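Chain by chain, the residues:
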There are 2 protein chains.
Amino acid sequence: MKKRLIQAALGEIPADLLLKNGQIVDVFTGTVFPADVAVIDGRIACVGHCGEARETVDLEGRFVSPGLINAHCHVESSMAVPAVYCAEELRWGVTTLITDPHEIANVAGLPGIRYMLDASESLPINYYVQLPSCVPATPFEHAGCVLGADELAGLAGHPRVLGLGEMMNAPGVISCDPEVMRKLDLFEGRIIDGHAPQAHGCWLQAYAAAGICTDHESISYGEAREKLRAGIAVLIREGSATHNLEAILSGVLAEELATDRLAFCTDDKHLADIRREGTIRWCIRKAIALGMNPVTAISLATINPARIYRLPHLGAVAPGYQADLVIFDDLASLNVMGVYHKGKRVTADEAAACNETTAGAGIGSSVRLAPFTAEALAPVLDPERRYPVIELLPHEIATEKDWCTGEEAEQALLRGELCRIAVLERHHATGHIGCGLLRGYGLKDGAAATTVAHDSHNLIVVGTNPHDMAAAVQELARVQGGYTLVRGGQVMDTLPLPVGGLMSSLSADELNARLEKMIAQARAMGVSESNDPFITLSFMALPVIPKMRITDMGMFDAENFVFCE
Amino acid sequence: MKKRLIQAALGEIPADLLLKNGQIVDVFTGTVFPADVAVIDGRIACVGHCGEARETVDLEGRFVSPGLINAHCHVESSMAVPAVYCAEELRWGVTTLITDPHEIANVAGLPGIRYMLDASESLPINYYVQLPSCVPATPFEHAGCVLGADELAGLAGHPRVLGLGEMMNAPGVISCDPEVMRKLDLFEGRIIDGHAPQAHGCWLQAYAAAGICTDHESISYGEAREKLRAGIAVLIREGSATHNLEAILSGVLAEELATDRLAFCTDDKHLADIRREGTIRWCIRKAIALGMNPVTAISLATINPARIYRLPHLGAVAPGYQADLVIFDDLASLNVMGVYHKGKRVTADEAAACNETTAGAGIGSSVRLAPFTAEALAPVLDPERRYPVIELLPHEIATEKDWCTGEEAEQALLRGELCRIAVLERHHATGHIGCGLLRGYGLKDGAAATTVAHDSHNLIVVGTNPHDMAAAVQELARVQGGYTLVRGGQVMDTLPLPVGGLMSSLSADELNARLEKMIAQARAMGVSESNDPFITLSFMALPVIPKMRITDMGMFDAENFVFCE
């Protein structure tokens, strides 16, 4: 293979593909120069004046960029299976994903991770995995399984596993928790992703000293700079809910910081948002609009993450590199004119067609509930007693906490100001049910439920009455996970997410259409415009975000990290 | 160990060392900021406001830089054994060397490389080895041994071997020579150093496609830029004879190229030059003088080579990194106020005291000559016949080629314009002797000889008469290698280089003093001021440099790559 590469570079044998008359985006010098690119056996043989090839494409002066790299994303959060998600990424020039299958791991453990690896095995994209470090995410809930260092060791040697996924248990790192140390030791010398929002000072130093390599939680320039100085690569996040690029890069540009330890990522971005603007290409555009040199901006999307994740064959248009290329019309609008993976042109449709319709073993059936009564979801309230209330804030994931008496609650429920909320353990039929009250959701009559419920992905149901709540739960048990809306005992609409209760095998178009329809239906049932009906729900059981949450173990004060009773 | 690092970062246990009130040279952001540095177990625990330590040093605002890295050097060329050489590097802040023991390998093969590894094992410096790829360097001479891929495989797994040394056989790469391919395959995925002066176009593309990672031969900005664009890291060389920094960096600065694929190296720099100005510290100073941001310049000397050579524990002042630090008084004069290796302060004297006086097995006795006569060194010339002549050029390693008749040669010899020169195979007593004529050396009466003779390190002798030449050869056989001067049958002075005929165990001061004295002696014997008496000689047998050379196989036309007869 090396011999053929050399011979093709010299023009002694014909290349497979010749891209003529390109403008090369050179991430090594930060410049652009005119050249042809010859490809053989999936790798770049020559950049310059190259010899003959079996296929020649005239680029007519368009720009040849290395394929883009999304440095950190959770595919499951798109609700699409890998093939469908990757197709949307490819559409906008991403040829490499660094993924953390944290969500499916919370549902299905190692088989869940293996499913993601298997389902991405033959996709025309480089699909790398960081093994989830924190399953379950907290001790305040029951997840589908527990992944210790011993379990992770079984997959650590997989050729597409690069290292350890985001170490959210920062307190465990700092306190040298033995199991956390075992996980860090298992990946010693490899890439360990961090997750340390607002960490600073000696606490951040200790976290970095433990071997944490990256972090994608910075929301301000100051936070990003302190992490960079601690030796932690900063993955700048632009997702559907989180937009950190402008705050960080404005400071970087103003202070003329070195940029080679910065990369772009999405963390979580929805299919519809990707379809509209792309992911990493969108980040590049924003960076250029802020005044960053376009080639530097593309470096943050290519060679930088390739180096951070030690992928020496990726991220550049140069001899020997894997021929993952994106053709842009220009370096401002960044319209994608073509995408090549290992030297072969790929389209989103072709990629989506690789869809594995059969879910991996053990992933298909993930909703296992103990028998329950409607009353268990909405227990009778004691008029005298004080109950905790989750109060939604418009357009935020964070919530306020409130308290009211049982009597006040009953009246507010009648006025439609309050809903019942319940979380049912759905992995092992243990019968754990946490019940509580939710203000600000807006639902007037009926129930809504989801099995997407970060991070343990139990079943969350919210409703105005026990019977619709029970019907919604039964519906999700029937379809083995998804979103549903119920009114008057009737299922109004259901989006099945049969893969782990998290993902659908539908096409992106169909999935987006179904979602839009359900959201409209939820609005018609009164759900407030100021929050997404289902995504908002899916964060109600995440006990690490302030100030009030609910898990299958009960209402949880996420400010003081204690259950409310 | 990780636990202690974390605890020291948090101030829960005392650090070993606390450097207070420093200005941190932060290569991640390209900025400087005030902080303390806490060190434990040889690694940095905390950079910021740190806790207590067993030892505290107040830096009073001085600058804390990562230890410097010399990205490519040949220790043997200093004529000092590793301990003595490293002491001189440490004096000026170099804490990491990437060395290619190409010279000793040509003399002593694998045992020679093992000697260099053993002799550097316990030095207070990070001493890494790139295995010599081209032993012998050319087929036009007889070296001490032949190192094929099979031989190299025996040392490829050594913990301080990073990859394959400079692949000078570029034509062998381009033509896919099977043995060259085997060597490249052996180091697939590791660092393979290049050596491709003036390579460009598709030839350079092919060389890069073969997996070559670095090159230190660029002498112009254009050459460097083309190599960078081909994905080859450019090691900017400032040695005793070669000064490429200004040409390259002037262009880089003028065109504002990205600099993260640039690093500094010396290739060959003499002890006396190092003593005067240092190596990499000298490069930083020159770069700053050219207008480069000082922290960027220090990055070329620290984090850049650490990344290029995949040494993730080196090159930065940040938690978890090895505590190799240099304290500079300021970022212009760069006077070294202190050097730390693994958190321990080291001085040049302490390092030199690690000197291993016992040479490794088989290295001590390296001069093995077949019996010879004085006449064999200076054969009778046929007055009618035309003979090739090497013509020295002032202050250059390149030579001119000339021809003269035997009669003209005899007259020029009498007038002192010409000398006899001979190269004796000295490794295996094969009796190979190449004889020729040398113009421009200046010697009026007597002989000079050396066993330092790139790259095969045979014995070179130059003289005005056969008897002094023979005496010089006998003297070097007696001391088992070195430099010698003979007049009237008497040895005037000898510098023994008993380690492979290349290196001495003398201290740097003593070695420099002895060298100075010998050079003065040679000048007194007439050797021209326009060339170094011994270094000039040592390049006479290097058949890859134009235009005329001599090896143990005879006079060699180094322009047309053929022997002269």
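Coordinates for the structure precede this section.
A brief structural summary. These numbers were taken from a predicted model, which means no experiment stands behind them.

With 47 residues of chain A in contact, the opposing surface of chain B contributes 47 residues. Between chain A and chain B the total buried area reaches about 4,000 Å² when both faces are included, carbon and sulfur atoms providing 61% of it. Here A:Asp185 makes a salt bridge to B:Lys2, at a shortest N to O gap of 3.5 Å. Sorting the residues of the side of chain A that touches chain B by element identifies α1 (2-10), β2 (31-40), β3 (43-48), α5 (170-174), α6 (178-186), α7 (201-209) and α8 (221-229) of chain A as the ones contributing at least two each. Looking at the side of chain A that touches chain B residue by residue, the classes come out as 29 nonpolar, six polar and twelve charged.

Moving on, we come to the packing of α1(A) against helix α7 (residues 201-209) of chain B. When two helices pack together, their arrangement is given by the angle between the helix axes and the distance between those axes. Relative orientation of the contacting elements α1(A) and α7(B) amounts to 165°, with a least axis distance of 8 Å. Taken together, α1(A) and α7(B) sit at an angle that is classed as roughly antiparallel. The element α1(A) and its partner α7(B) pack so that their crossing is right-handed. Facing α1(A), whose interface residues are A:Leu5, A:Ile6, A:Ala9 and A:Leu10, α7(B) presents B:Cys202, B:Trp203, B:Gln205, B:Ala206 and B:Ala209. The residue inventory of the contact of α1(A) with α7(B), partitioned by class, reads eight nonpolar, one polar and no charged.

Glancing now at the relation of the copies chain A and chain B. When chain A is fitted to chain B, the best match, at an RMSD of 0.1 Å, comes from turning it 180° and sliding it 0.0 Å along the axis. The two molecules are tied by a two-fold rotation axis, judged by turn and shift. No C-alpha of chain A lies nearer the rotation axis than that of A:Asp260, which sits 3.9 Å from it. Counting the interface residues of chain A, we find that 100% of their copies in chain B are interface residues as well, pointing to one common contact surface.

A separate point is unusual backbone geometry. The omega torsion of the bond from A:Pro546 to A:Lys547 falls at 0°, within 30 degrees of zero and hence cis. Tracing the backbone shows A:Lys547 in the loop between α19 (533-538) and β25 (548-551). Positive phi, normally seen in glycine, also occurs at A:Met79, with a value near 65°. As for its position among the elements, A:Met79 is in the loop between β6 (68-73) and α2 (82-91). Of note, B:Gln198 is a non-glycine position whose phi angle comes to about 65°, a positive value. Note that B:Gln198 resides in the loop between β10 (191-194) and α7.

Time to look at the environment of B:Leu131. All names here are of chain B. Position of Leu131 among the secondary structure elements: in strand β8 (residues 126-131). Residue Leu131 is classed as buried on the basis of its relative accessible area of 0%. In this structure Leu131 touches Asp100, Ile113, Leu152, Leu155, Ala156, Val161, Gly163, Leu164, Gly165 and Phe187, once residues within four positions along its chain are discounted.

The next thing to look at is the sheet that holds strand β22 (residues 459-463) of chain B. All names here are of chain B. As summarised here, the arrangement of the eight strands in space is β18-β17-β20-β19-β22-β21-β23-β24, forming an open sheet in which the pairing is mixed. Here the strands that pair on one side only, and so sit at the sheet edges, are β18 (399-405) and β24 (490-496). The average angle at which neighbouring strand axes cross in this sheet is 25°, direction not considered. Pairing of strand β17 (residues 386-392) with β18, which is carried by seven bridges, proceeds in the antiparallel orientation. Opposite Arg386, over in β18, you have Thr405 as the bridge partner. Strand contacts of helix α18 (residues 508-524): β23 (482-487) and β24, with the helix running at about 150° to β24, the strand carrying the most contacts.

In this section: helix α11 (residues 280-289) of chain A. Within α11(A), the full set of buried residues consists of A:Ile280, A:Arg281, A:Cys283, A:Ile284, A:Ala287 and A:Ile288. Buried positions in α11(A), seen along its axis, are confined to an arc of 155° and lie on one side of it.

For the rest of this paragraph, the subject is a negative patch on the surface. A contiguous patch of negative charge on the surface is contributed by A:Asp382, A:Glu384, A:Glu407 and A:Glu408. On the accessibility criterion, A:Asp382 (35% relative accessible area) is partly exposed.

Residues and elements named next belong to chain B. The strand order across the open sheet built from three strands is β25-β26-β27, with neighbouring strands paired in antiparallel fashion. Each end of this open sheet is capped by a strand with a single partner; those strands are β25 (548-551) and β27 (562-563). When strand β26 (residues 554-557) meets β27, the two strands line up antiparallel, connected through two bridges. Its bridge partner being in β27, Phe556 is matched across the sheet by Phe563.

Right, let's get into empty space enclosed by the protein. All names here are of chain B. Throughout the structure, instances matching the rule amount to five cavities of 30 Å³ or more. As a volume, the largest cavity reaches approximately 50 Å³. Pro66, Gly67, Ile69, Thr95, Thr96, Leu314, Gly315, Ala316, Gln322 and Asp324 are the residues that line the largest cavity. Here the lining of the largest cavity is built from residues that sort into four nonpolar, five polar and one charged.

Attention now goes to the environment of A:Glu55. Residues and elements named next belong to chain A. Within the secondary structure, Glu55 sits in strand β4 (residues 53-58). Under the relative-accessibility criterion, Glu55 is labelled partly exposed at 46%. Between the C-alpha atoms of Glu55 and His427, which are 372 residues apart in sequence, the distance is 53 Å. Once residues within four sequence positions are removed from consideration, Glu55 is found in contact with Asp16, Leu17 and Leu18.

The subject of this paragraph is the pattern of salt bridges. In this structure the tally under the stated criterion is 64 salt bridges over all chains. The shortest N-O distance in the salt bridge between A:Glu88 and A:Arg275 comes to 2.7 Å. With A:Glu88 in helix α2 and A:Arg275 in helix α10 (residues 271-277), the pair connects residues that are 187 residues apart, well separated along the chain. Taking the relative accessible area as the measure of exposure, A:Arg275 reaches 26% and is therefore partly exposed. The salt bridge partner of B:Arg307 is A:Asp260, with a shortest N-O separation of 2.7 Å. In this pair, B:Arg307 is assigned in helix α13 (residues 303-308) and A:Asp260 in the loop between α9 (245-254) and β13 (262-265), connecting two distinct chains. The exposure class assigned to B:Arg307 is partly exposed, which follows from its relative accessible area of 27%. When its relative accessible area of 17% is taken as the criterion, A:Asp260 is described as buried. Each of the salt bridges in this network shares a partner with another, and the network as a whole consists of A:Glu400, A:Lys401, A:Lys547, A:Asp557 and A:Glu559.

Turning our attention to the packing of aromatic side chains. How two aromatic rings sit relative to each other is given by the distance of their centres and the angle of their planes. All told, the structure shown has 16 aromatic pairs over all chains when counted by the stated rule. One aromatic cluster is present, built from ring pairs that chain together A:Phe140, A:Phe556, A:Phe561 and A:Phe563.

Bringing the pairing of β6(A) into the picture now. Residue and element names in this part refer to chain A. Extensive coverage of β6 is indicated by the burial of six of its six residues. Relative to strand β7 (residues 94-99), β6 is paired through four bridges, and the arrangement is parallel. Paired with Leu68 across the two strands is Val94, which belongs to β7.

Conventions used here
Residues numbered from 1 in each chain as written. Chains lettered and ligands numbered in written order. Predicted model: local features only at pLDDT ≥ 70, side-chain atom pairs only at ≥ 80, totals over all residues. Heavy atoms only, no water. Contact = heavy atoms within 4.5 Å. Buried area = accessible area lost by both parts, 1.4 Å probe. Salt bridge = Lys/Arg side-chain N within 4 Å of Asp/Glu carboxyl O. Helix = DSSP H or I, 4+ residues; strand = E, 2+ residues; numbered from the N terminus. Nonpolar A, V, L, I, M, F, W, Y, C, P; charged D, E, K, R; others polar. Axes fitted to C-alpha atoms, helices over the stretch in contact; angles between N-to-C directions. Parallel < 35°, antiparallel > 145°, perpendicular 65-115°, else oblique. Left-handed = near helix turned anticlockwise from the far one by under 90°. Least-squares fit on C-alpha atoms with pLDDT ≥ 70 in both. Buried < 20%, exposed > 50% of the residue type's maximum accessible area, 1.4 Å probe, protein only. Pairing = 2+ DSSP bridges. Arc of directions from axis to C-beta. Patch = residues over 30% accessible without salt bridge, like charges linked within 9 Å, V, L, I, M, F, W, Y side chains within 5 Å. Areas by Shrake-Rupley, 256 points an atom, 1.4 Å probe, with all protein chains shown as cover. Lys, Arg positive; Asp, Glu negative; His and termini not counted. Charge placed at Lys NZ, Arg CZ, Asp CG, Glu CD. 1 Å grid on protein atoms, 1.4 Å probe; cavity = no way out; pocket = protein on both sides within 12 Å on 5 of 7 lines; lining within 4 Å. Points joined across faces, edges and corners; volume = space filled by probe spheres on them. Phe/Tyr/Trp six-rings, centres within 6.5 Å; stacked < 30°, edge-to-face > 60°.

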